[in-house]
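# Chain and residue survey
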Amino acid sequence: MSHAISPTESQPLENLDEVEDFMKERYPENESLVGTNPNKKEEQFRDYEHTARPSVREFYRLNHLYQSFDFVQEKRREFLPRSRREMSIWEALEFLNTLVDDSDPDTDLSQLDHLLQTAEQIRKDGHPRWFILTGLIHDLGKILCLYGEPQWAVVGDTFPVGCAYSDKIVFPKFFAENPDSQNPLYQTRLGIYEENKGLDSVTMSWGHDEYLYHVTKDYLPEEALYMIRYHSFYPAHRDGAYSYLMNDQDRKMFDWVRKFNPYDLYTKSHTRPNLKELRPFYDDLISEYFPPTLKW
Ligand SMILES: [Fe+2]
């Protein structure tokens, strides 16, 4: 059974890739290191916003409107006990694969195809086995969509809640409508947090990153967990925002988040990976790190 996405008022995207395509424009491949382009001006950021398609603009409007501190707490209470399903990693991959969009199935690749492409590119570049595995599973948290969650509570770049919004976050003006904007406690530089205390003490906007981090946190090396938990934290890993919330360990581990980002954002090709050929390699890899089933 497949679950087709069709746009509605609360689900503006026809295809989750619309947000990723937007991010590729916003964060071009040749500028993948923080601070490599000191000439980039504020107006150029605005350009990305002006040329964004209406569905993507609406997606970010809803995201910035509803992702308040209280909303995130509610979602954490709802999903972090992980009492919905007990599945293997491969079952979760197949479950995610039932999420399809409205475009032509002959030319469009599935969620699993995209994840295999990401993992295969990491493998070709000679990275460690846990890195390859992270490429395969990093978006499994998107099964939140299949639980009926709105797109703006699953994908998109993430940001801390409970402190001031960085102007490095896309479409910053949409935060004006977020109830937290009226709460002075949440609108200072540090908000409810302490300087350099570390990201583990910071609550991020809710989405697939944080959810999958909790599913996998007992089984993967710390580097992999940072990649999973913060791969959508673009304001930090691409633009250097919120460094004052990080501790030294975060800064060290963000090298890995940055190493992972190009595989996440730029490896999509139109060639469908040969699942049958690849399956034994990935079955071995999954069982090397994970138990037969996990709580989702
Ligand atoms: Fe992702």
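Our subject is the structure that appears above.
Presented here is an overview of the structure given in this document. (Residues numbered from 1 in each chain as written. Predicted model: local features only at pLDDT ≥ 70, side-chain atom pairs only at ≥ 80, totals over all residues. Heavy atoms only, no water.)

### Quick notes on the packing of helix H6 (residues 111-124) against helix H12 (residues 275-289)
Spelled out, the test is: The axes are straight lines fitted to the C-alpha atoms, using for helices just the contacting stretch, and the angles between their N-to-C directions are given from 0 to 180°. Strands here mean DSSP runs of E at least two residues long; helices mean DSSP runs of H or I at least four residues long; both are numbered from the N terminus. Two helices cross in a left-handed way if the nearer one is turned anticlockwise from the farther one by less than a right angle. They cross in a right-handed way if the turn is clockwise. Two residues qualify as a contact provided that any one of their heavy atoms is within 4.5 Å of a heavy atom in the partner residue.
Viewed as axis vectors pointing N to C, H6 and H12 meet at an angle of 60°, and their least axial separation amounts to 12 Å. Remark: the crossing between H6 and H12 carries left-handed chirality. Along its contact with H6, which presents Leu 112, Leu 116, Ala 119, Glu 120 and Arg 123, the element H12 presents Leu 275, Leu 278, Phe 281 and Tyr 282.

### Quick notes on the pattern of salt bridges
Condition: The working definition used for a salt bridge is a side-chain nitrogen of Lys or Arg within 4 Å of a carboxyl oxygen of Asp or Glu. Accessible area is worked out with a 1.4 Å probe on protein chains only. A residue is then buried under 20% of its type maximum, exposed over 50%, and partly exposed in between.
By the definition in use, this model includes 19 salt bridges. For the salt bridge of Lys 24 with Asp 21, the shortest nitrogen-to-oxygen distance reads 3.9 Å. Placement of the pair is Lys 24 and Asp 21 together in helix H1 (residues 17-26), with a separation of three residues, close to one helical turn. Assessed through its relative accessible area of 27%, Lys 24 is described here as partly exposed.

### A look at the coordination of the iron ion
Rules: Distances define the donors: N, O and S atoms within 2.8 Å of the metal qualify, as do those within 3.2 Å of Na, K or Ca. Water is excluded, so some sites may look unfinished.
On the protein side, the iron ion has Asp 139 (OD), His 208 (NE2) and His 231 (NE2) as donor atoms, found 2.0 to 2.2 Å from it. Look at where the donors of the iron ion fall in the sequence and you get D-x68-H-x22-H. On the criterion of sequence distance, the pair formed by Asp 139 in the loop between helix H7 (129-137) and helix H8 (208-216) and His 231 in the loop between helix H9 (222-230) and helix H10 (234-237) is long-range, its members being 92 residues apart. The residues Asp 139 and His 231 share a single accessibility class, namely buried.

### Quick look at the nonpolar core
Note the cut-off: Joining through side-chain atoms within 4.5 Å is the link that ties buried Ala, Val, Leu, Ile, Met, Phe, Trp, Tyr and Cys residues into a set, and such a set is a nonpolar core.
Core analysis: the largest hydrophobic core is formed by 94 residues, its most contacted members being Tyr 60, Leu 136, Tyr 282 and Trp 296. For this core, the element with the highest residue contribution is helix H11 (residues 248-266), accounting for seven residues. Excluding residues within four positions of it along the chain, Tyr 282 makes contact with Trp 90, Leu 116, Ala 119, Glu 120, Arg 123, Ile 132 and Leu 136.

### Considering unusual backbone geometry
Of note in this structure, Asn 196 is not a glycine but carries a positive phi near 55°. Mapped onto the fold, Asn 196 is located in the loop between H7 and H8. Judged by its relative accessible area of 36%, Asn 196 is partly exposed. You will see that Tyr 242, though not glycine, has its phi angle at about 65°, which is positive. By secondary structure assignment, the location of Tyr 242 is in the loop between H10 and H11. The class of Tyr 242 is buried, set by a relative accessible area of 2%.

### Here's the deal with helix H3 (residues 54-66)
Rule in force here: The span you would expect from a helix comes to 1.5 Å times its residue count less one.
With 13 residues, H3 extends 18 Å between its outermost C-alpha atoms, agreeing within 8% with the 18 Å of an ideal straight helix rising 1.5 Å per residue. Where H3 is concerned, the buried positions are Ser 55, Val 56, Phe 59, Tyr 60, Leu 62, Asn 63, His 64 and Leu 65. Looking at the packing, one finds that the buried side of H3 touches H1.

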